[in-house]
Amino acid sequence: MLRHITPISKSSKRLASNIIFNENNSTLKNLVKISTLLNKHNDNILINYIKDNDFKAEVPENNKTFTKIFNIDSKDVKEPELVTNYLKEILKNEKDISNVIFNTQTLSKAIFPRLSAQLNIQPTNDIVKIVDENSFIKPMFAGNILSKVEYSPSHSGLKILTFRTGNFPLSESEQVTEINLNEQSNITSLPDSASVTADIPFNKFVKVELPQDTGRPDLSQAKVIVTGGRGLKTKENFEKLITPLADSFANVAKYNNTKASIGATRAVVDLGFVNNSLQIGQTGKIVQPELYVACGVSGAIQHLAGMKGSKVVVGINKEEGQSLEQVSDYTLIGDVDTVLPELTAKINSL
């Protein structure tokens, strides 16, 4: 089912650049590809949100040049309001901008609504397919229908767009190259901080709690994800059963001998088992791995919205008739306390 939405747009001169907001270096190559799909003749301006001096990223070999790079250091700027105001100031100073492109990730979800409201522009979020530069497909109602959003053919104003980058992988023929984003000749100074902080609301950054680097792929790029649900019962059980199973995939050549990423349902996050950066679902991350192993997950509709695009879904639960079975390719009925150690041992023996 397709739902057509045609926003009213204001016509102006044709624009000629895309701004890419890079929150995660592992998905930058996908965002560059998306920019090319929107309009292969547009230039790319990169706004790079730096975490822990991580400047290296892969980009498509044939689109590795940015006309400008703005580096925003997360150590200095943590509040979404401040990052939003930096983007607004950059847009004010830059001319001929067609699109501001975000990945559907944690920080971006906090920024693009604020930016849209301040600029009085209706955003289009969660895009899974580009029809043309003014037409997009996005899921609605927890992924139960697809909506086609169309801007008028004469639209030449700024568009604010967020994408599920997993829907835009590079093909095998598209070569990538690694670049250091801190060694480019076109790094541009950020707008003056005084103009950025002038109208910030009265709130204050307290702290950020991020999980330690485990050597696992980012959830949005992972080929294998092992997710734990309420059926794990305790935080200790989650760590004892899910972590070894995810680690065991380092023995599987089919998945490049790489540890699986670990995901969680909202219930598990709310119970404090894991950091909310691991939450998968409508209010968490949207994932599309080659293999999704759900352990003790019943399958609430909000969770299914975040993972039902997975190529192969395996559900492990001791109760039959759970909602997850509707989207699972394989269902194993059994107690996770028994099944997961046996499965881990089996994979480790490969």
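Everything numeric here is computed off the predicted structure, so don't read it as measured data.

Asks: Got a sec to walk through the nonpolar core? Specific residues and values, please.
Replies: In this structure, V226, F238, F249 and C295 are the most contacted members of the largest nonpolar core, which totals 40 residues. Those elements that provide at least two residues to this core are β13 (224-228), α5 (235-248), β14 (261-264), α6 (266-270), β15 (291-295), α7 (301-307), β16 (312-317) and α8 (336-348). What F238 contacts, discounting residues up to four positions off in sequence, is G228, L232, T243, I262, G263, A264, V268, F273 and V274.

Asks: Give me the lowdown on the packing of aromatic side chains, citing residues and values where you can.
Replies: Within the structure shown, the criterion is met by six aromatic pairs. Ring geometry for F21 against F102: centres 5.5 Å apart, planes inclined by 45°, an arrangement best described as tilted. Of this pair, F21 sits in strand β2 (residues 17-22) while F102 sits in strand β6 (residues 97-103), and the two are 81 residues apart along the sequence. As far as the burial class goes, F21 and F102 line up, both buried. Summarising the aromatic geometry, the rings of F136 and Y151 are spaced 6.2 Å apart at their centres and angled 85° between planes, so their arrangement reads as edge-to-face. With F136 in strand β9 (residues 135-140) and Y151 in the loop between β10 (145-150) and β11 (159-163), this residue pair connects regions lying 15 residues apart in the sequence. Across the pair, Y151 and F136 agree in class, each one buried. Three or more aromatic residues joined by ring pairs form one cluster here, namely F21, Y49, F102 and F112. Cation over ring: K159 sits above Y151, and NZ or CZ is 5.7 Å from the ring centre.

Asks: Report on the pattern of salt bridges, specifying residues and quantitative values.
Replies: For the structure on display, the rule yields 11 salt bridges. Across the pair K64 and E61 runs a salt bridge, and its minimum N-O distance is 3.2 Å. On the basis of relative accessibility, which here comes to 36%, the residue E61 falls in the partly exposed class. The partner of E94 in a salt bridge is K68, with the nearest N and O atoms 2.8 Å apart. Taken together, the residues span a long stretch of sequence, with E94 in the loop between α2 (80-93) and β6 and K68 in strand β5 (residues 68-73) at a distance of 26 residues.

Asks: Break down the side chain of T265 for me, with residues and values.
Replies: When you line up the elements, T265 lands in the loop between β14 and α6. Residue classification places T265 among the buried positions, given a relative accessible area of 9%. Apart from the residues within four sequence positions on either side, T265 is in contact with T227, G228, G229, R230, Q279, V297 and H303.

Asks: Before we move on, can you summarise empty space enclosed by the protein with the specific residues and values?
Replies: Sizing a probe to match a water molecule and rolling it over the atoms shows the empty space that remains. Taken as a whole and assessed by the stated rule, the structure comprises two cavities of 30 Å³ or more. Every residue along the wall of the largest cavity is listed here: N103, T104, Q105, R164, T165, G166, N167, S220, K285, I286 and Q288. Residues that form the lining of the largest cavity fall into these classes: one nonpolar, eight polar and two charged. In this model, the second largest cavity occupies a volume close to 50 Å³.

Asks: Explain the sheet that holds β11 residue by residue, including any values.
Replies: Across the sheet, six strands lie side by side as β5-β3-β2-β6-β11-β7; this open sheet has parallel pairing. Each of the sheet's edge strands pairs with one partner strand only, and the pair in question is β5 and β7 (124-127). Across the sheet, the mean angle from the axis of one strand to that of its neighbour is 20°, orientation sign disregarded. By the bridge criterion, six bridges tie β2 to strand β3 (residues 43-50) in an arrangement that is parallel. Paired with F21 across the two strands is I47, which belongs to β3. Contacts from helix α1 (residues 28-38) reach β2, β3, β6 and β11 within the one sheet, and its direction differs from that of β2 by about 160°.

Asks: If you had to explain the packing of α5 against α8 to someone new, which residues and values would you point to?
Replies: At a closest axis distance of 8 Å, the pairing of α5 and α8 adopts a crossing angle of 25°. Here α5 is positioned roughly parallel relative to α8, judged by the angle of their axes. Pair α5 / α8 crosses with left-handed handedness. In this structure, α5 uses N237, L241, I242, P244, L245 and S248 to contact α8, whose residues at the interface are V336, D337, L340, P341, L343, T344, I347 and N348. Split by residue class, the contact of α5 with α8 holds nine nonpolar, four polar and one charged.

Asks: Tell me about the confidence of the model for the chain, and please be specific about residues and values.
Replies: Close reading of the predicted structure is inappropriate where its pLDDT is low. Averaged over all residues, the pLDDT of the chain equals 87, while 90% of them reach at least 70. Residue range residues 6-14 is modelled with pLDDT below 50. Its contacts to residues more than four positions away, or to other chains, number 17 contacts.

Asks: How would you sum up unusual backbone geometry? Please name residues and give values.
Replies: Positive phi outside glycine occurs at D96, with the angle close to 60°. Residue placement: D96 occurs in the loop between α2 and β6. Although it is not a glycine, D126 sits at a positive phi angle of roughly 60°. Here D126 lies in strand β7. Take D126: its relative accessible area is 14%, and that puts it in the buried class.

Analysis parameters
Residues numbered from 1 in each chain as written. Predicted model: local features only at pLDDT ≥ 70, side-chain atom pairs only at ≥ 80, totals over all residues. Heavy atoms only, no water. Core = buried A, V, L, I, M, F, W, Y, C linked by side-chain atoms within 4.5 Å. Buried < 20%, exposed > 50% of the residue type's maximum accessible area, 1.4 Å probe, protein only. Helix = DSSP H or I, 4+ residues; strand = E, 2+ residues; numbered from the N terminus. Contact = heavy atoms within 4.5 Å. Phe/Tyr/Trp six-rings, centres within 6.5 Å; stacked < 30°, edge-to-face > 60°. Lys NZ or Arg CZ within 6 Å of the ring centre and 35° of its normal. Salt bridge = Lys/Arg side-chain N within 4 Å of Asp/Glu carboxyl O. 1 Å grid on protein atoms, 1.4 Å probe; cavity = no way out; pocket = protein on both sides within 12 Å on 5 of 7 lines; lining within 4 Å. Points joined across faces, edges and corners; volume = space filled by probe spheres on them. Nonpolar A, V, L, I, M, F, W, Y, C, P; charged D, E, K, R; others polar. Pairing = 2+ DSSP bridges. Axes fitted to C-alpha atoms, helices over the stretch in contact; angles between N-to-C directions. Parallel < 35°, antiparallel > 145°, perpendicular 65-115°, else oblique. Left-handed = near helix turned anticlockwise from the far one by under 90°. pLDDT = per-residue confidence, 0-100.

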